[in-house]
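Single-letter residue listing:
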Amino acid sequence: MSPNDLIIKEADYVFVAVKKKRQQLDVLIENKVSFAADNSELSIYDTYKSAQKVALHSNELLFCAMLSGKKIMHVENSHYHKAFLPHESFVLAPEQGVLIDFPQATLNSPTTCLAIEISTDKITNVANALNMQQNFASDALFEYSPNLVHTQHNAQTQQLLERMVHLFSEQGAERHYLIDLSLNELITRLLQQQSRDLLMANCDKLRLKSNVSDALQYIEEHLSDTLDIDTLCKITCMSRSKFYQQFKLAFGTSPALWQQQLRLKKARTLLLEGQAISKVCYDLGFNNASHFSRLFKQTFGIAPKQCRH
């Protein structure tokens, strides 16, 4: 496939305006194609040859998603040195620098990354709107924390990113309005991820102590057990309907799907450590190996057996 081909297989969607701009190959390392909008800018970076320690910096928050290939991310002023792969998100705080290695990039198989720069004001506005809706925490739950976020993103986020590329490259009269809606969704997902991690990391600290943090801790400590909603409702002192409503608002998913995401993340770690697929599957509460493999591939883009190579 030509480097300037219209189709990016990993996302399985078509760029028309993007193709035209990507055909203008100016450099072989981090060749950049950008589309600006109010409060944000979307860029696609193609790298066509192996390189090391390429610097990346942004004055605003930078949300990145890998489309193809592999990067090794080195965050300045820290000991963070990890691989960045397709179906993963990598978020840089404003003014945070990163150095990037491209170990696999070639002219015929470029490493491709999508990056969305989002203004701090926009993030603050979305966080304030979300905090007005939630009422179960003593402090504001949704507050952007300027820390590195590197995580697997789910199918909904993947679909959102694909949709955003279309929106940024379109020229219709409604373009800015539709982009703004998609930005709200992307920021909400980022804040949900951050608040989830923040609660789990600080659930013993009084400032963040809440009924929901207790429920999150219970789910993680009973990861292989069948989810008991009645127990979670007792922990949070909420009715079933209230618990589902508040959990979905805060974390963007249902308790069952969130438990499933935790199980799959744990499974990936255990498989990378060399554990047998069947053992990982049943130890984490999955009752069917085929179902486990299907969910794993949907989440990470590869089969469980590919994790053990």
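Structure first, text after, so check above.
If you're wondering where the values come from, they're calculated on a predicted model, not measured in any experiment. (Residues numbered from 1 in each chain as written. Predicted model: local features only at pLDDT ≥ 70, side-chain atom pairs only at ≥ 80, totals over all residues. Heavy atoms only, no water.)

*Asks:* For this particular structure, what's the right way to read helix H8 (residues 255-272)?
*Replies:* Each turn of an α-helix holds 3.6 residues, which means side chains three or four residues apart point in the same direction. Across its 18 residues, H8 extends 26 Å between first and last C-alpha, which sits within 8% of the 26 Å expected from 1.5 Å per residue. Positioned one or two residues after H8, glycine 274 has a phi angle of 105°, which is positive. (Helix = DSSP H or I, 4+ residues; strand = E, 2+ residues; numbered from the N terminus. Expected span 1.5 Å × (residues − 1).)

*Asks:* Sorry, what's going on with the packing of H8 against helix H10 (residues 289-300) here?
*Replies:* In helix packing, the relevant descriptors are the interaxial angle and the interaxial distance, both defined with respect to the helix axes. Two numbers describe how H8 lies on H10: the axes approach to 11 Å, and their chain directions differ by 90°. Viewed along their axes, H8 and H10 adopt a mutual orientation that is roughly perpendicular. Here Gln260, Leu264, Lys265, Ala267, Arg268 and Leu271 of H8 come into contact with H10, specifically with Phe292, Leu295, Phe296, Thr299 and Phe300. (Axes fitted to C-alpha atoms, helices over the stretch in contact; angles between N-to-C directions. Parallel < 35°, antiparallel > 145°, perpendicular 65-115°, else oblique. Contact = heavy atoms within 4.5 Å.)

*Asks:* Explain the packing of aromatic side chains here, please?
*Replies:* Centre-to-centre distance and the angle between the planes together describe a pair of aromatic rings. This structure, assessed with the given rule, holds 7 aromatic pairs. An angle of 45° between the planes, with centres 5.5 Å apart, marks the rings of phenylalanine 84 and phenylalanine 90 as tilted. Comparing phenylalanine 84 with phenylalanine 90, the two get one shared label, buried. Look at phenylalanine 243 and phenylalanine 247: their rings are 5.7 Å apart centre to centre, the planes differ by 50°, and that puts the pair in the tilted class. With phenylalanine 243 and phenylalanine 247 both in helix H7 (residues 240-251), this residue pair falls 4 residues apart, about one helical turn. The class for phenylalanine 247 is buried, based on a relative accessible area of 1%. Taken together, the ring pairs in this structure connect Phe243, Tyr244, Phe247 and Trp258 into an aromatic cluster. Here the basic side chain of arginine 263 rests over the ring of phenylalanine 286, its NZ or CZ set 5.6 Å away from the ring centre. (Phe/Tyr/Trp six-rings, centres within 6.5 Å; stacked < 30°, edge-to-face > 60°. Buried < 20%, exposed > 50% of the residue type's maximum accessible area, 1.4 Å probe, protein only. Lys NZ or Arg CZ within 6 Å of the ring centre and 35° of its normal.)

*Asks:* I keep staring at the environment of asparagine 147 and nothing clicks. Help me out?
*Replies:* For asparagine 147, the location among the structural elements is in the loop between helix H2 (120-133) and strand E12 (149-152). Taking C-alpha positions, asparagine 147 is 5.9 Å from alanine 93, a pair spaced 54 residues apart along the chain. With residues up to four places along the chain from it excluded, the contact list for asparagine 147 reads Val91, Ala93 and Gln194.

*Asks:* Whenever I open this one, the pairing of strand E6 (residues 61-68) confuses me. Can you help?
*Replies:* Remark: a regular strand shows side chains that alternate across the two faces of the sheet. Within E6, 8 of the 8 residues are buried, which leaves it mostly tucked inside the rest of the structure. The pairing of E6 with strand E11 (residues 111-118) spans 7 bridges and is classified as antiparallel. Directly across from serine 68, in E11, lies its bridge partner threonine 112. Looking at chain direction, E6 and strand E9 (residues 88-92) are connected through 4 bridges and run antiparallel. The partner of phenylalanine 63 across the bridge, within E9, is valine 91. (Pairing = 2+ DSSP bridges.)

*Asks:* Hey, could you run me through the pattern of salt bridges in this one?
*Replies:* Should the charged atoms of two oppositely charged side chains come close, the side chains can pair. All told, the structure shown has 8 salt bridges when counted by the stated rule. Note that glutamate 41 and lysine 32 form a salt bridge whose closest N and O atoms lie 4.0 Å from each other. Taking relative accessible area as the criterion, glutamate 41 reaches 26% and is therefore assigned partly exposed. Residue classification places lysine 32 among the partly exposed residues on the basis of a relative accessible area of 43%. By sharing partners, the salt bridges in this structure join Arg163, Glu185 and Arg189 into a single network. (Salt bridge = Lys/Arg side-chain N within 4 Å of Asp/Glu carboxyl O.)

*Asks:* Help me understand the nonpolar core, please; the structure alone is not making it clear to me.
*Replies:* The tendency in soluble globular proteins is for nonpolar side chains to be buried as a group. Residues Leu42, Ile116, Ile118 and Leu186 are the most contacted members of the largest nonpolar core, which totals 30 residues. Secondary structure elements with two or more residues in this core: strand E3 (31-37), strand E4 (40-47), E6, E11, H2, helix H3 (155-169) and helix H4 (175-201). When neighbours within four sequence positions are excluded, isoleucine 118 is seen to be in contact with Asn39, Glu60, Leu61, Ile123, Leu183, Leu186 and Ile187. One finds Val212, Ile229, Leu270 and Phe296 within the second-largest nonpolar core, a separate group that totals 27 residues. (Core = buried A, V, L, I, M, F, W, Y, C linked by side-chain atoms within 4.5 Å.)

*Asks:* Explanation requested: H3 in the structure shown.
*Replies:* The end-to-end C-alpha separation of H3 is 22 Å, in line with the 21 Å expected for 15 residues at 1.5 Å each. Among all positions in H3, only Thr157, Gln158, Leu160, Leu161, Glu162, Met164, Val165, Leu167, Phe168 and Ser169 are buried.

*Asks:* What should I look at first to understand the environment of glycine 252 in this one?
*Replies:* Within the secondary structure, glycine 252 sits in the loop between H7 and H8. Linking glycine 252 and leucine 191, residues 61 residues apart in sequence, is a C-alpha distance of 9.7 Å. When neighbours within four sequence positions are excluded, glycine 252 is seen to be in contact with Gln192 and Phe247.

*Asks:* Whenever I open this one, unusual backbone geometry confuses me. Can you help?
*Replies:* At glutamate 30, a position not held by glycine, the phi torsion is positive, near 55°. Considering the arrangement of structural elements, one finds glutamate 30 in the loop between helix H1 (17-22) and E3. Even without glycine at this site, lysine 53 takes up a positive phi of about 55°. For lysine 53, the location among the structural elements is in strand E5 (residues 51-56). The exposure class of lysine 53 is partly exposed, given its relative accessible area of 48%.

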